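One-letter residues, chain by chain:
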Amino acid sequence: MAMKIGDPSTRSLDFGSAKEVYSNLPVAALVEHAIRRGEGHLAANGALVATTGKRTGRSAADKFIVRNSATDSLVDWGRINQPFDQEQYDALRARVLEHLQGQEIYALSTYAGADPATRLSIEVWTEYAWHSLFAKQLFIRPTAAELATHIPAFTVISAPHFSAVPLRDGTKSETAVIVDFEHHEVLIAGTEYAGEIKKSIFSVMNFLLPPRRVLPMHCSANVGHAGDVALFFGLSGTGKTSLSSDLDRRLIGDDEHGWGAEGVFNFEGGCYAKCIRLRREDEPQIYDAIRFGAVMENVIVDPATRTPLYDDASLTENTRVAYPLDFVPNATPDGRGGHPRVIFFLTADAFGVLPPIARLTSDQAMYHFLSGYTAKLAGTEVGLGKDPLATFEACFGAPFLPLPAITYAQMLRDKLNEHKSQVYLLNTGWSGGPFGVGSRIKIGYTRAMICAALEGRLAKAETYTDQRFGLHVPVHIEGVPDQLMHPRETWADQDAYESAARRLAERFVENFEKFGKAAADLAVVGPRL
């Protein structure tokens, strides 16, 4: 039987031989420790800068779930949810704990989930001070009273300096990210990329919440002055953080949320934003949040002035910053909002084929939610090259979904029907040609389209129907060139457009076949060949 929210962690950790265990240090102390230990240095803006070595993104191929009584009949086993033997896990865990003896260890008590009824208490143990700072800024901090009674329901053990041995440990490389749901643990070894800590807990919440009738979502969320909530679904690099950072709206969260009986709530207490080519004029909330207490990953700084060089991708395109929500002036104080009125599915279309925005019917919303088409941008995972990779990830978060995708899709359908939310497909990718030929749609145009949707102007706007994809595309949006609304007309070679559009449609159709009978009735609203 699967664990429930609130069940205590079933294994204790003995670090009696550790050199020192530091528990729940304040931000300033963690920064001091990180600098003393040579883990990072301060930038001119006051943020701590750390590098993550060989792994500058998530190690998707090295992620496993222990196959045991808690998971055997529930998990959607396969390429994403790879099974790991319990006996091998126990042996690897013992080796990691032995490695941590004699080390300085940092312990952090925290929470995931802003809804008190379903929040998950977490303990994070790591050998890096900056990893503890990262977790402190991204998860929800307990009050002094909560800290005094904090009992972890899930434990994260992070040992970046421990290298697994595949033949001995049953891993695929020196890196392993393993979730044991029966014993309420996450084990991370052989990677310095702090994002694994955050995303492993997201996977945990995706397993625990559906039985509580809460839909876990890979999306950002904000709320207007009238209490109107908007959601932004999309994979890394599609604009969730940037587009939800709106000075005219309050930020609920930038990446992970639940949708329950009372509305939407953030899983986290911070933001994890991309820094590459960051400009204050484009993203002032993110730019101004990078100060003392924030943690920048793999951002190059000028050696003389310590000024961040946000255009420098010499280490990776996936440069990041983590900061708490209280660094955002207009963030909601409790990380909660009502039921969403407008939902955006973000896709960075590398082929330059899809329109910049389209209004979806409820069936189309289900189709595109299950499809999850976008382009993975360079650097967000180990092994990706410089060019974007067109891909389909169910529910815009397949790497973090332990249960079958149809489970989450059916929950979304029920929420849409109950609360009458309007869904839009929003292309934040390319126009006028594919990547390398066309140009990326300007963020100013994208914001204008979002504004029109949020104000209700698109709900009944005049549209035309894209014959290939069956999408209902607005004819005109104030502040957006009319030509942009017709992707074919932005291409110099319109025959090349037709060819690219057909190839993309074929990929949609081929991908959707994997859902079989569970979603067969939705195929009719997909692209036409």
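Right above here is the structure, for reference.
Residues numbered from 1 in each chain as written. Predicted model: local features only at pLDDT ≥ 70, side-chain atom pairs only at ≥ 80, totals over all residues. Heavy atoms only, no water.

## Observations concerning unusual backbone geometry
Part 1: Its identity is not glycine, yet R277 carries a phi of approximately 55°, on the positive side.
Part 2: Checked against the element boundaries, R277 lands in the loop between β16 (270-274) and α8 (284-289).
Part 3: Among the residues examined, R277 registers a relative accessible area of 44% and is labelled partly exposed.
Part 4: Phi angles above zero are rare outside glycine, and N298 is one such case at about 60°.
Part 5: Here N298 is to be found in the loop between β17 (295-297) and β18 (320-324).
Part 6: When its relative accessible area of 1% is taken as the criterion, N298 is described as buried. (Helix = DSSP H or I, 4+ residues; strand = E, 2+ residues; numbered from the N terminus. Buried < 20%, exposed > 50% of the residue type's maximum accessible area, 1.4 Å probe, protein only.)

## A word on the nonpolar core
Part 1: L120, L231, F233, F344, F345, L370 and F469 are the most contacted members of the largest nonpolar core, which totals 111 residues.
Part 2: Beyond its immediate chain neighbours, meaning those up to four positions away, F233 contacts M217, H218, C219, K240, I343, F344, F345, L346, F369, C395 and F396.
Part 3: L278, I286, Y310 and L325 belong to the second largest nonpolar core, which has 22 residues in total. (Core = buried A, V, L, I, M, F, W, Y, C linked by side-chain atoms within 4.5 Å. Contact = heavy atoms within 4.5 Å.)

## What about the sheet that holds strand β2 (residues 41-42)?
Part 1: With mixed pairing, the five strands of this open sheet are ordered in space as β2-β3-β17-β18-β16. For this open sheet the edge positions go to β2 and β16, each flanked by a neighbour on one side alone.
Part 2: Pairing between β16 and β18: five bridges, direction antiparallel. Each residue of the ladder has a partner; that of K274, found in β18, is R320. (Pairing = 2+ DSSP bridges.)

## Notes on the environment of I441
Part 1: Secondary-structure assignment places I441 in the loop between β26 (439-440) and α11 (443-454).
Part 2: Discounting residues that sit within four places of it in the chain, I441 has contacts with P356, N427, G429, W430, S431, T446, M449 and L484.

## Describing the packing of aromatic side chains
Part 1: According to the stated counting rule, one finds 27 aromatic pairs in the structure shown.
Part 2: Both rings, one in Y373 and one in F392, keep their centres 5.3 Å apart while their planes meet at 45°; by these two values the pair is tilted. Taken together, the positions of Y373 in strand β22 (residues 373-376) and F392 in strand β23 (residues 389-392) put the pair 19 residues apart, joining distant regions of the chain. Both residues of the pair, Y373 and F392, count as buried.
Part 3: An aromatic cluster is present here, built from Y367, Y373, F392, F469, F508, F512 and F515 joined pairwise through their rings.
Part 4: The ring centre of Y111 lies 3.8 Å from the NZ or CZ of R119, which sits over that ring. (Phe/Tyr/Trp six-rings, centres within 6.5 Å; stacked < 30°, edge-to-face > 60°. Lys NZ or Arg CZ within 6 Å of the ring centre and 35° of its normal.)

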